[in-house]
Amino acid sequence: MAETLDDTDRNIISALKTDGRLPFSTIAQQLGVSPGMIRQRVQRLNERGVLQFAAVTNPLKIGFHTMALIGVKADGHRVQEISRQIAAFEEVIYLAITAGQFNFLVEVTCVDNAHLLRFLSEKLYSVEGVREAETFIYLDIVKEIYTWDPPQGAAQAAPGAP
């Protein structure tokens, strides 16, 4: 269920999207509230999973020269189990269970094409229940974001919610 966000929560999120290291005192000054209030709100948003803080690296700049998206077809009756096994591989940075042609979309980072080949042949295809995979190697990343604005109307509780 979506979290109920008020204007203060939205403004805090907006400020931290601009600079995740912005001091609470600066945000408080911008919003005309106390730093303690900002600290409590950020802690609540973090505990509820609305916000998370992480250092985001660019894989292509730290030695991973091959990134790929892999569409995986698997035994439908074991989707959850198979997804957990694939997600445990260190190369996997994103995995979504999907509807449609593939059961999973898996994003991986590898040092080079040889590493990707080893991942596919020695790891992915060794998972019992993986039937097929189609690999799309990234040539260039045109857009990549990690910040989303809450949808309009998210400040109100969902219809029928207490």
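Our structure is the block above this text.
The structure contained in this document is the topic of the report that follows. (Residues numbered from 1 in each chain as written. Predicted model: local features only at pLDDT ≥ 70, side-chain atom pairs only at ≥ 80, totals over all residues. Heavy atoms only, no water.)

## Considerations on the overall build of the protein chain
Each helix and strand counted, the protein chain has five helices and four strands in total. For the protein chain, whose C-alpha radius of gyration is 20 Å, the value lies well above the compact-globule estimate of 15 Å for 162 residues. Along the first, second and third principal axes, the C-alpha set of the protein chain runs to 55 × 45 × 25 Å. For the protein chain, contacts bridging at least 24 residues in sequence account for 65% of all contacts bridging at least 6. Surface summary for the protein chain: the accessible area is close to 10,700 Å², and the carbon and sulfur share equals 52%. With 15 positive and 19 negative side-chain charges, the protein chain shows a separation of 5 Å between the mean positions of the two kinds. (Helix = DSSP H or I, 4+ residues; strand = E, 2+ residues; numbered from the N terminus. Rg over C-alpha atoms; globule rule 2.2 N^0.38 Å. Contact = heavy atoms within 4.5 Å. Areas by Shrake-Rupley, 256 points an atom, 1.4 Å probe, with all protein chains shown as cover. Lys, Arg positive; Asp, Glu negative; His and termini not counted. Charge placed at Lys NZ, Arg CZ, Asp CG, Glu CD.)

## Examining the packing of helix 1 (residues 7-18) against helix 3 (residues 35-47)
Where helix 1 contacts helix 3, the axes come no closer than 11 Å and their chain directions differ by 85°. What the angle tells us is that helix 1 and helix 3 run roughly perpendicular. Counted together, T8, D9, I12, I13 and L16 of helix 1 and M37, I38, R41, V42, R44 and L45 of helix 3 form the full contact between these two elements. Split into classes, the residues belonging to the contact of helix 1 with helix 3 amount to seven nonpolar, one polar and three charged. (Axes fitted to C-alpha atoms, helices over the stretch in contact; angles between N-to-C directions. Parallel < 35°, antiparallel > 145°, perpendicular 65-115°, else oblique. Nonpolar A, V, L, I, M, F, W, Y, C, P; charged D, E, K, R; others polar.)

## What to know about the nonpolar core
Counting residues in hydrophobic clusters, the biggest one holds 19 residues, and the most contacted among them are I86 and V108. Those elements giving two or more residues to this core turn out to be strand 1 (66-74), helix 4 (79-87), strand 3 (104-110) and helix 5 (113-123). Contacts of I86, omitting those with residues within four sequence positions, involve V72, V92, L95, F104, V106, L124, V127 and V130. Of all hydrophobic cores here, the second largest spans twelve residues; its members include I12, L16, L22 and L45. (Core = buried A, V, L, I, M, F, W, Y, C linked by side-chain atoms within 4.5 Å. Buried < 20%, exposed > 50% of the residue type's maximum accessible area, 1.4 Å probe, protein only.)

## With respect to the layout of surface pockets
Estimated volume of the largest pocket: approximately 1,100 Å³. Along the wall of the largest pocket there are 31 residues; nearest its centre are Q52, V56, Y146, T147 and W148. Sort the elements by how many residues they give to the lining of the largest pocket and helix 1 lands first, with three residues. Among the residues forming the lining of the largest pocket, the class breakdown is 21 nonpolar, five polar and five charged. (1 Å grid on protein atoms, 1.4 Å probe; cavity = no way out; pocket = protein on both sides within 12 Å on 5 of 7 lines; lining within 4 Å. Points joined across faces, edges and corners; volume = space filled by probe spheres on them.)

## Focus: the packing of helix 2 (residues 24-31) against helix 3
For the pair helix 2 and helix 3, the least separation of the axes is 8 Å and the interaxial angle reads 110°. The orientation of helix 2 with respect to helix 3, classified from their angle, is roughly perpendicular. When the axes of helix 2 and helix 3 are compared, the crossing they make is right-handed. Only P35, I38, R39 and V42 of helix 3 make contact with helix 2, whose side of the interface consists of F24, S25, I27, A28 and L31. (Left-handed = near helix turned anticlockwise from the far one by under 90°.)

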